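In case you want the letters, here they are:
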Amino acid sequence: ATAATALALTATGAFADTMGCDAGEMVIKFSHVTNTDKHPKGIAANLFMERVNAEMDGKACVEVYPNSTLYNDDQVLEAMLQGDVQMAAPSLSKFESFTKVYRIFDLPFMFKNMDAVEEFQSSEVGQNMKEVMVRRGLLGLGFWHNGLKQFSANKPLVMPEDAAGLKFRVQPSDVLVAQMEALDASPQPMAFSEVYGALQTGVVDGQENTWSNVYGQKFFEVQDGTTETNHGVLDYMVVTSVDWWEGLDADTRDQLATIMNEVTAERNAAIAEVDAENRQAVLDAGGVIRELTDEQRQAWVDVMKPVWAQFEADVGADNIAAAQEINA
Ligand code: LMR
């Protein structure tokens, strides 16, 4: 891509995060919903783009569309099956209509920390999960970490009873709906791009998300505070269409897979640092963070963990056992 094309494309505002593709290069559109600065997914997607565009120059060219500028997560997978977009990295909560296996990641308090998540995803059980949607036309290329979720609301949340009666935005996942119902709260599934406005106008009272999303979307500005519950995981599956992937020539496919694997390993290894940086950024920007005592946190565990029983058949008792063994 020449500097002139880069400038022209940026001027249109069409895809400000790309350098512009040259004629003859295969264009790979990568659509996602978060910000790029400081965000684990934003950083990883841009690194993938930079590496492909440098190392496969003349052959392939990635265009990243962040911030829901191309698709929301509830549209992107259908668009991928239509061939309108080639890559995306929705959170594991967003594959409900393709597989129920990923529900294990939504179950509250399933993993004690991100090291346990990493170990589970890297295991044979976890790696096999990349292929569970193949018959539905989607192939997983890798898990990308974001981190553990925290609760925030327009009033202080210390004990689980504090959440009762409040409306919480959730991702479109039956597990997350059940989790909020266990708290006697009212779950409201909603697209990520609408959450800030919904919190601001009082359409919902609270939400759950990771530090990078609380910071990146500025939820802390329109919430009383964020409580450090670390109650669940928000990670991603980078996906592509089986048809598109299988249609690539073997060299191109191998090169893309190698770059994807290297970017995945590099950025997943940096997750603790990126997460901590975003937590600190919330504080620096004046956001309130509430920490829980062990006893207070245990009260949340006691109320939310019974949700597992409802979903055991979907996620597999053996998978739950494997995850718990890693925690031990
Ligand atoms: C959400 O909808 O809250 C997240 O899945 C957004 C994201 O991609 O991190």
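Just so it is clear, the structure is predicted and the values come from calculations on it, not from any experiment. (Residues numbered from 1 in each chain as written. Predicted model: local features only at pLDDT ≥ 70, side-chain atom pairs only at ≥ 80, totals over all residues. Heavy atoms only, no water.)

A. Layout of the overall build of the protein chain. Each helix and strand counted, the protein chain has 15 helices and 11 strands in total. In terms of overall dimensions, the protein chain is globule-like: its C-alpha atoms have a radius of gyration of 20 Å, near the 20 Å expected for 328 residues. Here the C-alpha coordinates of the protein chain stretch approximately 60 × 45 × 30 Å along the principal axes. Counting the 328 residues in the protein chain, one finds 56% classified as buried. For the protein chain, contacts bridging at least 24 residues in sequence account for 73% of all contacts bridging at least 6. Summed over its atoms, the accessible surface of the protein chain is roughly 13,300 Å², and 48% of this surface lies on carbon and sulfur atoms. (Helix = DSSP H or I, 4+ residues; strand = E, 2+ residues; numbered from the N terminus. Rg over C-alpha atoms; globule rule 2.2 N^0.38 Å. Buried < 20%, exposed > 50% of the residue type's maximum accessible area, 1.4 Å probe, protein only. Contact = heavy atoms within 4.5 Å. Areas by Shrake-Rupley, 256 points an atom, 1.4 Å probe, with all protein chains shown as cover.)

B. Local environment of the packing of aromatic side chains. A complete count under the given rule lists 12 aromatic pairs for this structure. Aromatic side chains Phe105 and Phe111 sit 5.8 Å apart centroid to centroid with 15° between the ring planes, which places their arrangement in the stacked category. Look at Phe105 and you get buried, because its relative accessible area is 1%. Overall, Phe111 belongs to the buried group, its relative accessible area being 4%. Considering the side-chain rings of Phe151 and Phe168, the 5.7 Å spacing of their centres and the 70° angle between planes classify their relative orientation as edge-to-face. Of this pair, Phe151 sits in strand S5 (residues 150-153) while Phe168 sits in strand S6 (residues 167-170), and the two are 17 residues apart along the sequence. Judged by its relative accessible area of 1%, Phe168 is buried. Connected via pairs of aromatic rings, a cluster forms that spans Phe105, Phe111, Phe120 and Phe143. (Phe/Tyr/Trp six-rings, centres within 6.5 Å; stacked < 30°, edge-to-face > 60°.)

C. Just the nonpolar core, in detail. Among the nonpolar cores identified, the biggest contains 37 residues, and Ile104, Phe105, Leu107 and Phe111 are the most heavily contacted of them. At the level of elements, helix H3 (73-81), helix H4 (103-106), helix H5 (114-122), strand S4 (138-148), helix H7 (174-182), strand S10 (233-241), helix H14 (308-315) and helix H15 (317-327) are the ones that each hand at least two residues to this core. Non-local contacts of Phe105, meaning those with residues more than four positions away in its chain, are made with Leu92, Phe111, Phe120, Gln121, Met129, Phe143 and Val233. One finds Phe48, Val62, Met87 and Leu248 within the second-largest nonpolar core, a separate group that totals 28 residues. (Core = buried A, V, L, I, M, F, W, Y, C linked by side-chain atoms within 4.5 Å.)

D. How the structure looks around the sheet that holds strand S1 (residues 26-31). Spatially, S2-S1-S3-S10-S4 is the arrangement adopted by the 5 strands of the open sheet, whose pairing is mixed. Only two strands of the sheet have a single neighbouring strand rather than two, namely strand S2 (60-65) and S4. Sheet strands touched by helix H11 (residues 250-269): S1, strand S3 (87-88), S4 and S10. Its angle to S4, the strand with the most contacts, is close to 15°. (Pairing = 2+ DSSP bridges. Axes fitted to C-alpha atoms, helices over the stretch in contact; angles between N-to-C directions.)

E. Looking closely at the sheet that holds strand S11 (residues 289-291). The 6 strands lie next to each other as S7-S6-S8-S5-S9-S11, forming an open sheet whose pairing is mixed. The sheet is open, and its two edges are formed by strand S7 (186-189) and S11, each paired on a single side. When the angles between neighbouring strand axes are averaged without regard to direction, this sheet yields 30°.

F. The arrangement of the environment of Ala328 in detail. Here Ala328 lies in the segment after H15. Once the C-alpha coordinates of Ala328 and Lys112 are considered, the two residues, 216 residues apart in sequence, prove to be 9.0 Å apart.

G. Highlighting the site of the ligand. Inspection of the region around the ligand gives Val33, Thr34, Lys41, Ser91, Lys94, Arg169, Gln171, Phe192, Asn209, Asn213, Leu234 and Tyr236 as its neighbouring residues. One nitrogen or oxygen atom from the side chain of Gln171 is found 2.7 Å from an oxygen atom belonging to the ligand. In this structure, Asn209 approaches the ligand through a side-chain N or O atom, which is 2.8 Å from an oxygen atom. If the ligand stood free it would expose 270 Å²; the protein chains cover 100% of that surface. Class assignment for the residues of the shell around the ligand results in 4 nonpolar, 5 polar and 3 charged. (Near = heavy atom within 4 Å. Polar contact = N/O pair within 3.5 Å; in protein donor to acceptor, adjacent residues only side chain to side chain. Nonpolar A, V, L, I, M, F, W, Y, C, P; charged D, E, K, R; others polar.)

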